[in-house]
Amino acid sequence: MGSMSVWHWVIVAVVVMLLFGRGKVSELMGDVAKGIKAFKKGMADDETQPNTATSVPPVGPNEPVRTLPHQGAPGTAPQPPHVQPHVPAGDHKAV
């Protein structure tokens, strides 16, 4: 009783067909198919065209490795926000 049987799925399909009608379901499936085709075409285009704008020339064995510049001034590290020390509940002093 806890698992979904074939009859449960048949009832769900009938309710969906009654709510949306046959035309809406076929339109929805057509749109899904178009989206999948566009996705596959985009993936194929990415594989065939190498991105030359971001390609880096190969580094020779005697050249140093190039890195990206750091954010901020050299030698400075970001400071953590100021945190109040924890005071246990019974140790508060009257002001």
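Above this text you will find the structure in question.
Keep in mind it's a predicted model, so treat the numbers as computed, not measured. (Residues numbered from 1 in each chain as written. Predicted model: local features only at pLDDT ≥ 70, side-chain atom pairs only at ≥ 80, totals over all residues. Heavy atoms only, no water.)

## A look at the overall build of the chain
When helices and strands are counted, the chain shows one helix and zero strands. By element, 66% of the accessible surface of the chain is carried by carbon and sulfur atoms, the whole surface being about 9900 Å². (Helix = DSSP H or I, 4+ residues; strand = E, 2+ residues; numbered from the N terminus. Areas by Shrake-Rupley, 256 points an atom, 1.4 Å probe, with all protein chains shown as cover.)

## So, helix α1 (residues 6-48)
For α1, spanning 43 residues, the distance from its first C-alpha to its last is only 44 Å, which falls clearly below the expected 63 Å at 1.5 Å a residue. For α1, the principal kink sits at Gly21 and spans about 95°. (Expected span 1.5 Å × (residues − 1). Bend = angle between axes of the 7 residues up to and from the residue.)

## As for the environment of Met17
Its location among the elements puts Met17 in helix α1. Note on Met17: relative accessible area 38%, which makes it partly exposed. Once you skip the residues sitting within four places of it in the chain, Met17 turns out to touch Arg22 and Val25. (Buried < 20%, exposed > 50% of the residue type's maximum accessible area, 1.4 Å probe, protein only. Contact = heavy atoms within 4.5 Å.)

## Concerning a nonpolar patch on the surface
Taken together, the side chains of Met4, Trp9, Ile11, Val12, Val15, Val16, Leu19 and Phe20 define a hydrophobic patch exposed on the protein surface, amounting to about 810 Å² of accessible area. Position of Phe20 relative to the elements: it lies in helix α1. (Patch = residues over 30% accessible without salt bridge, like charges linked within 9 Å, V, L, I, M, F, W, Y side chains within 5 Å. Salt bridge = Lys/Arg side-chain N within 4 Å of Asp/Glu carboxyl O.)

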